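Residue-level listing of the chains:
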Amino acid sequence: MKVKRHKFIKPIMAVLIVLTLITGFYFIQTLFSPDYVEKRVINGEYVQAGHLDYSAELKPNLIYERMNINSDNTLYSALLKRMELIYSYSFSPTPEEIRGNYKITLLLTPVKGGWEKEIGAYLGNFSGSNFKVSIPLDWEKTNFMWKEIENETKYDFGDPNLKVVADLSLEGKFLGQELKEKFTHSANIAYGKIISLSEPDKSKKGALYSNLTLVNTMSFFGLPVEVKNARLIFGVQFVALVFLLGTFIAINRSNIAEYLSKRERKSFERKFRNRIVNTLELPEYSDVVRVSNLKDLAKLSYELEKPILKSEDRFAVLDGERFYVYDNDNIIINRK
């Protein structure tokens, strides 16, 4: 029966240790996890869009056979009589309430940058999800100013270019929440043989969020468990397993000590097999020194340049009349 009991000590202890470690891991995880968490959720999304266009009045012409065109058509400067910029803005979906103000600035600047000169600014207010504003553009005055700057700098900046910057600030209510937003759009219009727009469209996405307080959960083998419940469950299990493991070790103390001692001896024999000499029995000597562990015995063997004698579970190093011995009485548990 004793042999059978020894046979099951190792697997039972291994199972208890594994269960204790797993339960302890989850228990510690619950200790550092809050019972409730804040989650940010999207209440609604919206899009702001700006668009720059123009309305051009033409001289009598054969190419279009009409007097007005916009940016959908190619505008040749030779045909231009009058022109105005049209800036439009929209907010979608339509909010419950929206109001704001805008500033549209015209800046004379080369396409590659380097300097900017403000030639006009247009301010106003709006209410509603969209608005449109018209800005008269005097190309004769603009071209004259451009030539004056080139004469002053003695530098050819190429075709005259206008930078149009729209700055908007708005507030209101959207899906029952307070809304505050800003929108900036920069575009260019160049005057050459062809008058062309660049970057006429700008869109900006936004969203309104709210914080929800939710019960915190953790995953246990794929199943969601509330943290506060998991803390109690794993806490009780962890304490019970620690108690059970401690009791098991106390009851089987001598057997465990014997098992550890055997493991130590087997490891020692594998490591120092080239220095160990098996003998049928060890001689009796009056000058015997008991060595507390196998590591020290191996150290003596190297320092004295003597082999390690082995008989059953006893190991010894013989140095003249002195006998250094390690045997079963030196097991780990008894040394503690």
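Basis of the calculations
Residues numbered from 1 in each chain as written. Predicted model: local features only at pLDDT ≥ 70, side-chain atom pairs only at ≥ 80, totals over all residues. Heavy atoms only, no water. Helix = DSSP H or I, 4+ residues; strand = E, 2+ residues; numbered from the N terminus. Rg over C-alpha atoms; globule rule 2.2 N^0.38 Å. Buried < 20%, exposed > 50% of the residue type's maximum accessible area, 1.4 Å probe, protein only. Areas by Shrake-Rupley, 256 points an atom, 1.4 Å probe, with all protein chains shown as cover. Lys, Arg positive; Asp, Glu negative; His and termini not counted. Charge placed at Lys NZ, Arg CZ, Asp CG, Glu CD. Patch = residues over 30% accessible without salt bridge, like charges linked within 9 Å, V, L, I, M, F, W, Y side chains within 5 Å. Salt bridge = Lys/Arg side-chain N within 4 Å of Asp/Glu carboxyl O. Phe/Tyr/Trp six-rings, centres within 6.5 Å; stacked < 30°, edge-to-face > 60°. Lys NZ or Arg CZ within 6 Å of the ring centre and 35° of its normal. Pairing = 2+ DSSP bridges. Axes fitted to C-alpha atoms, helices over the stretch in contact; angles between N-to-C directions. Contact = heavy atoms within 4.5 Å. Core = buried A, V, L, I, M, F, W, Y, C linked by side-chain atoms within 4.5 Å.

Enquirer: Just to check I follow, could you spell out the overall build of the protein for this structure?
Expert: Across its full length, the protein carries 6 helices and 18 strands. Computed over its C-alpha atoms, the radius of gyration of the protein comes to 45 Å, more than 25% above the 20 Å expected for a compact globule of 336 residues. Based on the C-alpha atoms only, the size of the protein along its principal axes is roughly 130 × 55 × 35 Å. Residues counted as buried form 36% of the 336 residues belonging to the protein. Surface summary for the protein: the accessible area is close to 21400 Å², and the carbon and sulfur share equals 55%. Averaging the coordinates of the 47 positive side-chain charges in the protein and doing the same for the 41 negative ones gives two points 9 Å apart.

Enquirer: Help me out: how do you make sense of a positive patch on the surface in this one?
Expert: A cluster of basic residues, Lys10, Arg263, Lys266 and Arg270, forms a positive patch on the protein surface. On the secondary structure map, Lys266 appears in helix α4 (residues 253-271).

Enquirer: Which parts of the structure should I look at to understand unusual backbone geometry?
Expert: What is expected of a backbone is that most residues other than glycine have negative phi and most peptide bonds are trans. The omega torsion of the bond from Ser92 to Pro93 falls at -5 degrees, within 30 degrees of zero and hence cis. As for its position among the elements, Pro93 is in the loop between β4 (80-92) and β5 (97-108). Within the chain, Leu175 stands out as a residue other than glycine whose phi angle is a positive 55 degrees.

Enquirer: Mind showing me how you'd approach the packing of aromatic side chains here?
Expert: We describe a pair of aromatic rings using the distance from one ring centre to the other and the angle between the two ring planes. The tally for this structure, following the rule as stated, stands at 16 aromatic pairs. Considering the side-chain rings of Phe27 and Phe238, the 5.9 Å spacing of their centres and the 25 degrees angle between planes classify their relative orientation as stacked. Highlighted residues: Phe27 in helix α1 (residues 2-31) and Phe238 in helix α3 (residues 227-251), separated in sequence by 211 residues. Since its relative accessible area comes to 26%, Phe238 is described here as partly exposed. One aromatic cluster is present, formed by Tyr89, Tyr102, Phe126, Phe131 and Phe183 through successive ring pairs. We note Arg40 situated over the ring of Tyr209; from NZ or CZ to the ring centre the distance is 3.9 Å.

Enquirer: Looking at this model, I keep getting lost on the pairing of strand β17 (residues 314-319). Mind explaining?
Expert: On a regular strand, one side chain projects to one face of the sheet and the next to the other, so that they alternate. As defined by bridge partners, strand β16 (residues 308-311) adjoins β17 across 3 bridges and the pair is classed as antiparallel. Bridged to Lys310 within β17 is Phe315. Joining the antiparallel neighbours β16 and β17 is a turn of 2 residues, in which Glu312 adopts a positive phi near 55 degrees. Alignment of β17 against strand β18 (residues 322-326), held across 5 bridges, turns out to be antiparallel.

Enquirer: Looking at this model, I keep getting lost on the sheet that holds strand β8 (residues 161-174). Mind explaining?
Expert: Strand pairing in a sheet relies on backbone hydrogen bonds. The paired strands run either parallel or antiparallel. Strand order in the open sheet formed by 6 strands is β3-β10-β9-β8-β5-β6, with antiparallel pairing between adjacent strands. Since the sheet does not close on itself, it has two edges, and those belong to β3 (75-76) and β6 (117-127), each with one partner. Bridge count between strand β9 (residues 177-191) and strand β10 (residues 194-198): 4 bridges; the pairing is antiparallel. When the bridges of β10 are listed, Ala190 appears paired with Ser196.

Enquirer: So what exactly am I meant to see when it comes to the sheet that holds strand β15 (residues 287-290) here?
Expert: Taken in spatial order, the 5 strands of this open sheet run β14-β16-β17-β18-β15, and their pairing is mixed. Every interior strand has two partners, whereas the edge strands, β14 (276-278) and β15, have only one. Between one strand axis and the next, the sheet turns through 30 degrees on average, direction left out of account. Strand direction decides the pairing type here: β14 and β16, joined by 3 bridges, are parallel. The partner of Val277 across the bridge, within β16, is Leu309. Against the sheet, helix α5 (residues 294-304) engages β16, β17 and β18, with an angle of about 30 degrees to β17.

Enquirer: How should the nonpolar core be read in this particular structure?
Expert: Buried together is how nonpolar side chains tend to be arranged in soluble globular proteins. Membership of the largest hydrophobic core comes to 42 residues, with the highest contact counts inside it found for Leu75, Met83, Leu85, Tyr89, Trp139 and Ile189. Mapped onto this core, the elements with two or more residues apiece are β1 (36-58), β4, β5, β7 (130-136), α2 (139-153), β8 and β9. If you look at the next biggest cluster of nonpolar residues, it comprises 13 residues, including Phe272, Ile308, Phe315 and Val317.

Don't take any of this as a statement about function, it's just geometry.
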